[in-house]
Amino acid sequence: MGDELNLHEFELEGGKTVKLRTMQIRDWDQAAKCASRDSSGDQFVFGIRLQQELMKILLVEVDGKSLTMMQKESLDSLFTVNEYLALQDEVQALMGKTKVLRRALAKSSGVK
């Protein structure tokens, strides 16, 4: 892949816009490594942590503002529970697991 990555832009029900970058295999691997450190061997906890870590990795921008790593660590400060669940549905759709309607593709260069 080149330097140009695809960004997927979503508008949540409340009007908040979010950009996620296209997932790559290494993102899944990195998320699993982070989740396994915090899950204490509990598969349910691992599954939740895996989703959270993957969201932090893929999250690029909220309402036109780029996010720092520190901001991504506090998903509660960025999203309501309903917004977060809607974004989880979008991530599943990006993985080809479900179909979600409100998807637009944006191009960006140099975003990693």
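What you see is a predicted model, and the numbers here were worked out from it, not measured in a lab.

1. So, the pattern of salt bridges
Side chains that differ in charge, positive against negative, can pair when their charged atoms come close.
Next up, step 1: Summed over the entire model, instances satisfying the criterion amount to seven salt bridges.
Next up, step 2: Ionic pairing is found between Arg 21 and Asp 27, a salt bridge with its closest N-O pair at 2.7 Å.
Next up, step 3: By relative accessible area, which is 8% here, Arg 21 ends up buried.
Next up, step 4: When its relative accessible area of 2% is taken as the criterion, Asp 27 is described as buried.
Next up, step 5: The shortest N-O distance in the salt bridge between Glu 73 and Lys 56 comes to 3.1 Å. Separated by 17 residues along the polypeptide, Glu 73 in helix α3 (residues 69-73) and Lys 56 in helix α2 (residues 43-58) bring together distant segments of the chain.
Next up, step 6: Given the relative accessible area of 49%, Glu 73 is considered partly exposed.
Next up, step 7: Given the relative accessible area of 8%, Lys 56 is considered buried.
Next up, step 8: When salt bridges that share partners are traced, they join Arg 49, Glu 53, Lys 56 and Glu 73 into one network.

Procedures and definitions
Residues numbered from 1 in each chain as written. Predicted model: local features only at pLDDT ≥ 70, side-chain atom pairs only at ≥ 80, totals over all residues. Heavy atoms only, no water. Salt bridge = Lys/Arg side-chain N within 4 Å of Asp/Glu carboxyl O. Buried < 20%, exposed > 50% of the residue type's maximum accessible area, 1.4 Å probe, protein only. Helix = DSSP H or I, 4+ residues; strand = E, 2+ residues; numbered from the N terminus.

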